Amino acid sequence: MDDVTSTPASQSLFDRARAVSPGGVNSPVRAFRAVGGAPVFMAAGSGPWLTDVDGHRYVDLVGSWGPMLLGHAHPAVLDAVTAAVARGTSFGTPSSPEVELAEEIVGRTPVDQVRLVSSGTEATMSAIRLARGFTGRDRVVKFSGCYHGHVDSLLAEAGSGVVTLGIPGTPGVPAHVTADTIVLPYNDRAAVEAAFAEHGDQIACLVTEAAPGNMGVVPPKPGFNRFLSEITARHGALFISDEVMTGFRVTRSGHWGVDGAVEGWRPDLLTFGKVMGGGFPAAAFGGREDVMQQLAPAGPVYQAGTLSGNPVATTAGLATLRAADDAAYARLDAASEHLQGLVTTALAEAGVAHRLQRAGSMFSVFWGTDAPVVDFAGAQAQEAWRYAPFFHAMLDAGVYLPPSAFECWFVSASHDEEALSRIEAALPAAARAAAAATPAP
Ligand SMILES: *Cc1c(COP(=O)(O)O)cnc(C)c1O
């Protein structure tokens with residue numbers, strides 16, 4: 001294929017971008033800081049493919065970091081969005097697509113009511129305010145390595161770009177803001193029990209990723225989410241399950257579909273984003289009716305947004321969820337499973353110790369270890385330096401992976417035979433590059 005290693009148009013855009021925006025990107029995870037080199041500027045997407053500004057084609061395994069469940073430019077989504085745009089792009093009044101999207105979310109998940117917002121960050125920030133307002137308490141429990149957006153009180157020991165860039169604390173967040181945040185190791189029941197034993201009557205909520213994907217994929221141990229649901233209830237705190245990444249991806253509801261729905265419990269509040277926006281800025285938080293009724297204008301806890309429930313964004317989300325039927329999930333799961341097999345085979349053949357972990361179709365690779373990774377410390381102990389040469393070999397062969405060893409790989413329902421064979425062809429050389437890698441001096 002064409003010479004992917006030469007990307008003059010991307011280079012020149014990156015030079016211009018760096019002059020006018022910090023680091024040349026509008027979200028840190030898009031920079032290639034952890035893998036080196038200049039980010040690739042994409043110009044178009046179709047199904048599982050991305051085309052960059054130099055005309056190279058890549059199989060996309062980032063999927064806009066989660067939203068593109070159906071692949072890029074899905075015809076049903078494009079048709080619905082084009083029609084919505086022609087009707088006008090924002091009214092600042094209630095409109096029918098937001099009601100339909102809310103009904104779709106209520107139909108698929110354990111929430112009684114939802115409030116639509118514009119980003120996952122806004123969803124978790126608002127859910128925490130609501131939990132504090134409902135309980136009249138201030139403290140929040142979170143787990144290290146979990147990422148809930150760039151909410152001030154939740155950036156402590158966060159995953160995603162915070163871990164990729166090795167940013168230890170969070171400059172700009174006053175100490176008094178994080179003083180009420182209790183950070184615990186993930187999957188650690190004893191730590192949760194100790195925190196509630198000591199502070200139980202002051203804890204407003206515990207927030208966790210339903211299955212963490214922002215330190216690599218670290219699934220909850222069996223029964224862990226149910227345990228969280230029980231211990232929060234026992235202490236009068238709310239359980240907030242952050243399904244911004246897992247929602248409408250792991251199952252038609254989210255990760256709750258594989259534990260809570262089966263075991264018979266539900267979180268008090270859930271947050272959603274990514275898939276439910278269909279590639280547009282739309283997110284949501286929802287849950288128990290008595291809690292949601294505390295939100296303005298029904299109740300006293302204030303929350304608002306000029307573009308919340310935007311008719312174009314909600315139309316895109318609705319079209320995406322309607323097209324995300326059982327057949328789409330079956331295609332997604334099959335493509336992901338096939339890909340996982342290809343990756344482990346190539347790495348094993350090249351002699352690279354690794355651990356592949358999954359939560360439904362989401363998966364990631366931990367390098368240089370074959371022991372289970374159950375928490376952030378385990379994720380950080382991996383040989384992340386093996387990833388950069390692997391990443392660049394894949395990129396050169398036309399496969400676009402997340403530019404960080406701490407992010408999960410996103411497959412879509414559109415990843416077909418052609419896309420998977422491109423990845424299969426690229427893997428052996430990349431695996432050899434990972435095997436030959438040496439740590440930075
Ligand atoms: C992406 C993500 C967020 C933040 O969503 P944004 O739309 O980027 O603000 C929150 N929680 C989780 C689990 C996420 O993966």
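Thresholds, definitions, all that
Residues numbered from 1 in each chain as written. Predicted model: local features only at pLDDT ≥ 70, side-chain atom pairs only at ≥ 80, totals over all residues. Heavy atoms only, no water. Helix = DSSP H or I, 4+ residues; strand = E, 2+ residues; numbered from the N terminus. Rg over C-alpha atoms; globule rule 2.2 N^0.38 Å. Buried < 20%, exposed > 50% of the residue type's maximum accessible area, 1.4 Å probe, protein only. Contact = heavy atoms within 4.5 Å. Lys, Arg positive; Asp, Glu negative; His and termini not counted. Charge placed at Lys NZ, Arg CZ, Asp CG, Glu CD. Pairing = 2+ DSSP bridges. Near = heavy atom within 4 Å. Polar contact = N/O pair within 3.5 Å; in protein donor to acceptor, adjacent residues only side chain to side chain. Areas by Shrake-Rupley, 256 points an atom, 1.4 Å probe, with all protein chains shown as cover. Expected span 1.5 Å × (residues − 1). Arc of directions from axis to C-beta. Axes fitted to C-alpha atoms, helices over the stretch in contact; angles between N-to-C directions. Domains from an automatic or database assignment. Buried area = accessible area lost by both parts, 1.4 Å probe. Salt bridge = Lys/Arg side-chain N within 4 Å of Asp/Glu carboxyl O.

A.B. asks: I keep staring at the overall build of the protein chain and nothing clicks. Help me out?
C.D. replies: Along the backbone of the protein chain there are 15 helices and 13 strands. On C-alpha atoms alone, the protein chain measures out to a radius of gyration of 21 Å, which is about the 22 Å that the 2.2 N^0.38 rule sets for 441 residues. Projected onto its principal axes, the C-alpha positions of the protein chain cover 60 × 55 × 45 Å. Per-residue burial over the protein chain gives 56% buried out of 441 residues. Across the protein chain, the fraction of contacts at a sequence separation of at least 24, relative to all contacts at a separation of at least 6, is 74%. Once the 29 positive and 44 negative side-chain charges of the protein chain are each reduced to a mean point, those two points are 2 Å apart.

A.B. asks: Looking at this structure, how should I read the sheet that holds strand β13 (residues 399-400)?
C.D. replies: Working definition: the strands of a sheet are paired by backbone hydrogen bonds and lie parallel or antiparallel to each other. The four strands lie next to each other as β1-β2-β3-β13, forming an open sheet whose pairing is mixed. In the strand order of this sheet, the two ends are held by β1 (42-46) and β13, each with one partner. Here β1 runs beside strand β2 (residues 49-52); their pairing, made up of four bridges, is antiparallel. Within β2, the residue paired with S46 across the bridge is W49.

A.B. asks: What am I meant to see in the site of the ligand here?
C.D. replies: Near the ligand the following residues occur: S119, G120, T121, Y147, H148, G149, E209, N214, D242, V244, M245 and K274. Taking Y147, its main chain carries an N or O atom lying 3.3 Å from a nitrogen atom of the ligand. Residue D242 places a side-chain N or O atom 2.7 Å away from a nitrogen atom belonging to the ligand. Here the ligand, which alone exposes 380 Å², has 83% of that area covered by the protein.

A.B. asks: Would you mind going over helix α1 (residues 8-20) with me for this structure?
C.D. replies: Three or four residues apart is the spacing at which side chains of an α-helix point the same way, because the helix has 3.6 residues per turn. Between its first and last C-alpha, α1 extends 19 Å over 13 residues, near the 18 Å set by a 1.5 Å rise per residue. The set of residues buried in α1 consists of S10, F14 and A17. In an axial view of α1, the angular spread of the buried residues amounts to 65°, which keeps them on one side of the axis. Turned more than 90 degrees away from the buried face of α1, the exposed residues are P8, R16, A19 and V20.

A.B. asks: Can you help me understand the sheet that holds strand β5 (residues 139-143) in this one?
C.D. replies: Taken together, the seven strands give an open sheet; going across it, the order is β4-β10-β9-β8-β7-β5-β6, and neighbouring strands pair in mixed fashion. Every other strand in the sheet has two partners, leaving β4 (113-117) and β6 (181-184) as the edge strands with one partner each. Strand-to-strand, the axes of this sheet are offset by a mean angle of 20°, without reference to chain direction. The pairing of strand β8 (residues 238-242) with strand β9 (residues 269-272) spans three bridges and is parallel.

A.B. asks: Help me understand the side chain of H56, please; the structure alone is not making it clear to me.
C.D. replies: Here H56 is to be found in the loop between β2 and β3 (57-60). Of note is the side chain of H56, whose polar atom sits 2.9 Å from the backbone oxygen of S6.

A.B. asks: Which parts of the structure should I look at to understand the pairing of β2?
C.D. replies: Successive side chains on a regular strand alternate, one facing one side of the sheet and the next facing the other. If you look at the hairpin formed by β1 and β2, you'll find two residues sitting between the two strands, and G47 has a positive phi there, around 55°. Across three bridges, the pairing between β2 and β3 is antiparallel. From the neighbouring strand, T51 faces β3, where its bridge partner is R57. Hairpin connection of β2 to β3: four residues between the antiparallel strands, including G55 at a positive phi of 95°.

A.B. asks: What exactly am I supposed to notice about the domain arrangement of the protein chain here?
C.D. replies: Size of an interface, as often reported, equals the accessible area lost when the parts are brought together. Per the domain assignment, the segments of the protein chain are domain 1 (8-61 + 325-436) and domain 2 (75-323). Computed from C-alpha atoms alone, the centre-to-centre distance between domain 1 and domain 2 is 26 Å. Each partner contributes to the interface: domain 1 provides 30 residues, whereas domain 2 provides 30 residues. Both sides of the domain 1 and domain 2 interface together cover about 2,300 Å² of buried area, and 64% of this is carbon and sulfur. Summed over the shared surface of domain 1 and domain 2, the number is zero salt bridges. Summed over the shared surface of domain 1 and domain 2, the result is eight residue pairs in polar contact (both at pLDDT 80 or more).

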